[in-house]
Amino acid sequence: MTTPLPVALPATPAGEAPVPPGSQQVPPYYYAFPPPPKSRFQRLIDRLPGWSGPAGVGALIGGGVAYTLLMRPTSAGAADTPTCIVKLLTGFDCPGCGGTRAAWYMLHGDIPAAAHHHAPLLFAAPFLAYLYVSWTVNKLNLPFKLPQLRISNGAMIGFLVAWLAFSVLRNLPWAPFTWFFV
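The model shown is predicted, which means the values in this text are computed figures rather than measured ones.

**Student:** A description of the pattern of salt bridges should follow, citing residues and the corresponding values.
**Tutor:** Inspection of the entire model under this criterion finds two salt bridges. With a shortest N-O distance of 2.6 Å, Asp 46 and Lys 38 are connected by a salt bridge. A salt bridge links Asp 93 to Arg 170; its shortest N-O distance comes to 3.8 Å. Of this pair, Asp 93 sits in the loop between helix 3 (85–90) and helix 4 (99–107) while Arg 170 is found in the segment after helix 6 (153–169), placing the two residues 77 residues apart along the sequence. Its relative accessible area of 4% is what places Asp 93 among the buried residues.

Following this line, the structure appears as structure tokens:
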């Protein structure tokens, strides 16, 4: 009776168990090169406290809200400062036209006027608010966590298609689409 010859297992990094032949394994060239060194920017990001990301985004959101409230976009036209380049050059409402006015109306509780100016923003606002709040709560060291909102690719594509349809339909010159023309 003959004894089988031992099969050499591929080399693995120190501390890891060898992987048997025929199973999923990392290609050998993966271990041949060390990871690239971190940039100064990445080392700076690694040293920041966990609350700094949500605080920075919150400051940007606060700045956007302050800008919206101070500029009073409902009393400005498309040619007033700041101008909408697409509307100024073509006369058509772009996909974002009316977004600032819709935000202003939402901040003042006038939901029908917000829908008139930009319906997709009105639809997306609660989802965006929850995404921010859950991200902030989960980044902080609180004794509870909020579940993350998982948006599927199909839902995201559906929203983008609806937004594109809204952008096209709001520029049609006959009723009922003229209600969305801002």
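**Student:** How would you explain the nonpolar core if you had to name every residue and give the values?
**Tutor:** With five residues, the main nonpolar core is built from Ala 102, Trp 104, Tyr 105, Ala 113 and Ala 114. Among the elements that take part in this core, helix 4 stands out by supplying three residues, more than any other.

**Student:** Which residues make up the layout of surface pockets, and what values do they have?
**Tutor:** The computed volume of the largest pocket comes to approximately 540 Å³. Taken together, the elements giving at least two residues each to the lining of the largest pocket come down to helix 2 (52–71), helix 4 and helix 5 (111–139). Of the residues in the lining of the largest pocket, the class split is 13 nonpolar, four polar and no charged.

**Student:** A description of the packing of aromatic side chains should follow, citing residues and the corresponding values.
**Tutor:** Inspection of the entire model under this criterion finds five aromatic pairs. Consider the rings of Tyr 132 and Trp 135, whose centres lie 6.2 Å apart with planes at 55 degrees: the pair is tilted. A residue pair is termed a helical-turn pair when its members lie 3 or 4 positions apart in one helix, as Tyr 132 and Trp 135 do in helix 5 at three residues. The class for Tyr 132 is partly exposed, based on a relative accessible area of 24%. Its relative accessible area of 30% is what places Trp 135 among the partly exposed residues. Their ring planes at 40 degrees and their centres at 6.1 Å tell us that Phe 159 and Trp 163 sit as a pair that is tilted. Of the two residues, Phe 159 and Trp 163 are both situated in helix 6; the distance of four residues between them amounts to about one turn of the helix. The class of Phe 159 is partly exposed, set by a relative accessible area of 23%. In this structure Trp 163 comes out as partly exposed when scored by relative accessible area, which is 29%. Through successive ring pairs, a cluster of aromatic residues spans Phe 123, Phe 127, Phe 159 and Trp 163.

Reading the values: rules and limits
- Residue numbers here run from 1 along each chain, matching the order of that chain's written sequence.
- Reporting of local features is limited, given that this is a predicted model, to residues whose pLDDT is at least 70; pairs of side-chain atoms are given and counted only at 80 or more, and all residues count toward the totals for whole chains, interfaces and linings.
- Heavy atoms throughout the structure, all of them, feed into the side-chain values; hydrogens and water do not.
- When a carboxyl oxygen of Asp or Glu is within 4 Å of a side-chain nitrogen of Lys or Arg, the pair counts as a salt bridge.
- Numbering goes from the N terminus for both helices and strands, where a helix is a DSSP run of H or I of at least four residues and a strand is a run of E of at least two.
- We call a residue buried when its accessible area falls under 20% of the maximum for its residue type, exposed when it is over 50%, and partly exposed in between, using a 1.4 Å probe and counting protein chains only.
- Grouping buried Ala, Val, Leu, Ile, Met, Phe, Trp, Tyr and Cys residues that are joined through side-chain atoms within 4.5 Å yields what is termed a nonpolar core.
- Cavity means a closed set of points on a 1 Å grid over the protein atoms alone, one where a 1.4 Å probe fits but cannot get out, pocket means an open set with protein on both sides within 12 Å along at least 5 of 7 lines, and lining means a residue has an atom within 4 Å of a point.
- Grid points are joined across faces, edges and corners, and a volume is the space filled by probe spheres set on the points.
- Residues were grouped as follows: Ala, Val, Leu, Ile, Met, Phe, Trp, Tyr, Cys and Pro as nonpolar; Asp, Glu, Lys and Arg as charged; and all remaining residues, including Gly, as polar.
- The rule is short: rings of Phe, Tyr and Trp, with Trp giving its six-membered ring, pair when the centres are within 6.5 Å, and they are stacked under 30 degrees, edge-to-face over 60, tilted in between.

Purely spatial values, then, with no claim about function.
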